[in-house]
Amino acid sequence: MFLLLNKMNIKKNILLLLAITVSSCMEKKYEWAADICAPREYPVEVYTGAAGGYFFSQMGGFSNSGWGGLGSIDYIKAPVPDRLDMTWLSYVDNKFYKGEWKLPTEKIKELFDEGFPAKPGLENVRESYDYINIGLGPKGMVVVWVAGAGSQVEVARFQAHETVIDPKLITESEKYMFRKDYAKDMLTYDGTISKDIREQIEKYGYPSLEAYEFYREKYLWKPKVILTEGSKLTSMYIKMCNGEKEDPYDKPIDMKYRAIPYAFQIYWSINNGKKEQRFVSRIAFTNDKEYWAKYLEPMGEDEIPVDFDKNEIRKLFKEHLDKNKSAEMVIKIDPNVELKSERVTDLYLEQAGRQYHVKEKVTRTGKYN
């Protein structure tokens, strides 16, 4: 009797394994890549991790690319991953975090399948989402975005727990991560936290450990650009503090729930009768006057300013706006102003007839080829 039951169980397991294999073969495959990111001031190093068939490890698992920043791209052809598991070391927290979660596969598939509008003149073409970005934040916070060229949208938020790695499981090549004061020593290197970021931390202090959670709050708003007569808006790039990005070529820009923006790149042009001159106006909400100058350097980055959680723009949104009532961020640009840094002549939030002017910002306007 026991032998018969054992044979039946073996047969069931074989059939189950076969069903899973067949299902996996039939499942739609996509060309996609994945990587990790972390705030520039809260760098991390992955110990082990995987998103479906995409693997991460301590070999090249370091990241300080900025919240929502994209890393290396190495595409695979595989079904959308259904699970994510990560174990990593947070240098600033000096702790290991671990977690395993089910990914929202249907939501990811929908984004991969639908994509988003392409550039003007290509109305019947849609860009593709093909990147899964995994953000490892302070206190074990995990955010997952799906990204494509110029667009990034949050699809999940998870919470990891502190963990202690069993010494018996640590291989010879992994021992360096468990050396005494390893995390503390790593924070002294410019490659871990750059000199520029270190100076900003000394000036403004670390963002609070809860800042990246607060950044996920959304408000019902849209940008509104006002140009002088003879000028026209061509496109816009918006980066939000929750890691989401928009490249809204489709006009007009819709009113929807968005996180607070920390940077705009507004592309516009003038036709003087001979030829069209193109310009870009850049806006960042920070007190770092060199923000755009550093961005325009080779390998420059326009990531969330270190002082963003203390900035005027956040206070205006949090203290004066009703997040469920429509609001506009009005941006006025005048190409006739001689000083390029002052061509963004006014910027204010407007809701229910009230205006809230934003003074803490760094702007830069120049020709765009």
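Relevant structure appears above.
Computed from a predicted model, the values in this text were never measured in an experiment.

Points about a positive patch on the surface
- Taken together, the side chains of Lys275, Lys340, Arg364 and Lys367 make up a positively charged region of the molecular surface.
- Along the polypeptide, Lys340 turns up in the loop between strand S20 (327-333) and strand S21 (344-351).

A few points about the pairing of strand S18 (residues 261-271)
- In terms of burial, S18 is a largely internal element, 10 of the 11 residues being buried.
- Summarising the sheet, strand S15 (residues 231-240) and S18 pair through 9 bridges and their orientation is antiparallel. Residue pairing across strands places Leu233 opposite Trp268, the latter belonging to S18.
- The pairing of S18 with strand S19 (residues 276-284) spans 9 bridges and is classified as antiparallel. By the bridge assignment for S19, Ile270 is matched with Gln277.
- The antiparallel pairing of S18 with S19 creates a hairpin that spans 4 residues between the two strands, and Gly273 there sits at a positive phi of about 95°.

Thoughts on helix H2 (residues 105-114)
- Among the residues of H2, those classed as buried are Thr105, Ile108, Leu111 and Phe112. Angular distribution of buried residues about the axis of H2 spans 130°; they occupy a single face of the element.
- Residues of H2 that are buried in the fold lie against strand S1 (30-37), strand S10 (129-136), strand S11 (141-148) and strand S12 (151-159).
- At the exit of H2 stands Gly115, carrying a positive phi of roughly 65°.

Section: the packing of aromatic side chains
- One pass over the full model with this rule turns up 26 aromatic pairs.
- Taking 5.2 Å as the distance between ring centres and 10° as the angle between the ring planes, the aromatic pair formed by Trp101 and Phe158 counts as stacked. With Trp101 in strand S7 (residues 95-102) and Phe158 in strand S12, this pair connects stretches of sequence that are 57 residues apart. Pair check on accessibility: Trp101 and Phe158 agree, each one buried.

Concerning the nonpolar core
- Within the largest apolar cluster, 47 residues are counted, with the highest numbers of intra-cluster contacts made by Phe264, Phe285, Phe308, Ile313, Phe317, Met329 and Ile331.
- The leading source of residues in this core is S18, at 6 residues.
- In this structure, Phe112, Tyr129, Ala156 and Ala160 belong to the second largest nonpolar core, which totals 36 residues.

A few points about the sheet that holds S21
- Ordered by their spatial adjacency, 5 strands build an open sheet running S17-S14-S20-S21-S22, and the pairing between neighbours is mixed. If you trace the sheet from one side to the other, it starts and ends with strand S17 (256-258) and strand S22 (354-357), each paired once. The average angle at which neighbouring strand axes cross in this sheet is 40°, direction not considered.
- In the sheet, strand S14 (residues 219-227) pairs with S20 via 7 bridges, with the strands oriented parallel. From the neighbouring strand, Ile226 faces S20, where its bridge partner is Lys332.

Reading the values: rules and limits
- Residues numbered from 1 in each chain as written.
- Predicted model: local features only at pLDDT ≥ 70, side-chain atom pairs only at ≥ 80, totals over all residues.
- Heavy atoms only, no water.
- Patch = residues over 30% accessible without salt bridge, like charges linked within 9 Å, V, L, I, M, F, W, Y side chains within 5 Å.
- Areas by Shrake-Rupley, 256 points an atom, 1.4 Å probe, with all protein chains shown as cover.
- Salt bridge = Lys/Arg side-chain N within 4 Å of Asp/Glu carboxyl O.
- Lys, Arg positive; Asp, Glu negative; His and termini not counted.
- Charge placed at Lys NZ, Arg CZ, Asp CG, Glu CD.
- Helix = DSSP H or I, 4+ residues; strand = E, 2+ residues; numbered from the N terminus.
- Buried < 20%, exposed > 50% of the residue type's maximum accessible area, 1.4 Å probe, protein only.
- Pairing = 2+ DSSP bridges.
- Arc of directions from axis to C-beta.
- Contact = heavy atoms within 4.5 Å.
- Phe/Tyr/Trp six-rings, centres within 6.5 Å; stacked < 30°, edge-to-face > 60°.
- Core = buried A, V, L, I, M, F, W, Y, C linked by side-chain atoms within 4.5 Å.
- Axes fitted to C-alpha atoms, helices over the stretch in contact; angles between N-to-C directions.

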